[in-house]
Structures are given as structure tokens and as C-alpha cells.
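# Close look at the chain arrangement
One letter stands for each residue in the lines below.
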Amino acid sequence: MEKQIINTNQAPAPIGPYNQAVKAGNILYVSGQIPVDPATGELVKSGITDEAHMVMKNLQAVLKEAGLTFDNIVKTTIFLTDMNDFPKVNEAYGSYFTGNYPARETVQVAGLPKGVNVEISVIAHS
């Protein structure tokens, strides 16, 4: 199975030896996105709701580059540094779906890249 690398300048550039997404067959694996504004390269620090929306917009940009939408997502993983942020992140996250929600887990972690509070990765099917 051939893999196709997906990258877009409409989402933050990877901060390590990885790509924004890799498509293998009809499955797209999107690397965890953090709340970095791709236009400025700066972290969004105006609160967990804004951070979650920035992450979702970054995911949307990667999906769009691959010709997909949130409707194509079958699995998500949400990483939080504080589970008390879950209700606000969940509300922001949910606003990007129209139903038929993907499978998901949410886990609290000790830390995330660049000291952010939220990171989300997805798997999508074309």
C-alpha cells in the first residue's frame, strides 16, 4: 500500500520529524494538532475555548488539503492537560460535527508540546 504525505501551509508546520497527515489507502491519519495560528506561528492563549477552536480549524485545514471534511472522521483522540477543561473543549469540538459523531477518547496528560492545554488527532476515511 502506497502512502501519500499531506501537508498544508493553512495549518501549523510540524515541529518535529513528522508530517501533518499520511494517507494510506483510503485512511487518513492526521497528526495531533495544537492551538498554533498558522498565519502568525503564535500560540493561541486566550482561553481553552479559543484554543480548542484553533485546533479544530487546524484539523479542518489538513482534512481539506486531503479532500475530506469532518464528516469523514471515524476516530479522534483528545489530549488535555487538565480534565476540568473537558466541558469547554467538548462543546467547541462538538460544534464542528453535524451528527454521526466519530469514536473518541479523551485523556489527561502531564504535558503537551509547547506547553499547550489541548491537542487533538484524528483518523478519517475517504
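The protein goes by RidA family protein in an unreviewed UniProt entry, where it is assigned to Chitinophaga oryzae. Its UniProt record, at the heading Sequence similarities (unreviewed entry), says of the protein: "Belongs to the RutC family."

### A short note on the side chain of Lys23
Of note, Lys23 is situated in strand S2 (residues 21-24). The side chain of Lys23 is buried and forms no salt bridge, while Glu2, the nearest opposite charge, is found at 11 Å. Ignoring anything within four residues of it in the chain, the contact list for Lys23 reads Glu2, Lys3, Gln4, Leu28 and Ser126.

### Here we look at unusual backbone geometry
The phi dihedral of Asn100 falls on the positive side, at around 45°, and the residue is not glycine. With respect to the helices, strands and loops of the structure, Asn100 is situated in the loop between helix H2 (86-94) and strand S5 (103-108). Backbone geometry places Lys114, a non-glycine residue, at a positive phi of 60°. Within the secondary structure layout, Lys114 lies in the loop between S5 and strand S6 (118-125).

### Quick notes on the packing of aromatic side chains
With the rule as written, the count across this model stands at four aromatic pairs. Aromatic side chains Phe70 and Tyr96 sit 5.4 Å apart centroid to centroid with 55° between the ring planes, which places their arrangement in the tilted category. Taken together, the residues span a long stretch of sequence, with Phe70 in the loop between helix H1 (48-65) and strand S4 (73-80) and Tyr96 in the loop between H2 and S5 at a distance of 26 residues. This pair shows no difference in class: Phe70 is buried, exactly as Tyr96 is. Between Tyr93 and Phe97, the ring centres sit 4.9 Å apart and the planes meet at 45°, which makes this aromatic pair tilted. Comparing Tyr93 with Phe97 shows no difference in burial state: the two are buried. Every member of this aromatic cluster is reached through a ring pair, and the members are Phe70, Tyr93, Tyr96, Phe97 and Tyr101. Over the aromatic face of Tyr93 sits the side chain of Arg104, whose NZ or CZ is 4.8 Å from the ring centroid.

So, how was this worked out
Residues numbered from 1 in each chain as written. Predicted model: local features only at pLDDT ≥ 70, side-chain atom pairs only at ≥ 80, totals over all residues. Heavy atoms only, no water. UniProt positions renumbered as here; feature names shortened; annotations may be inferred. Helix = DSSP H or I, 4+ residues; strand = E, 2+ residues; numbered from the N terminus. Buried < 20%, exposed > 50% of the residue type's maximum accessible area, 1.4 Å probe, protein only. Lys, Arg positive; Asp, Glu negative; His and termini not counted. Salt bridge = Lys/Arg side-chain N within 4 Å of Asp/Glu carboxyl O. Contact = heavy atoms within 4.5 Å. Phe/Tyr/Trp six-rings, centres within 6.5 Å; stacked < 30°, edge-to-face > 60°. Lys NZ or Arg CZ within 6 Å of the ring centre and 35° of its normal.

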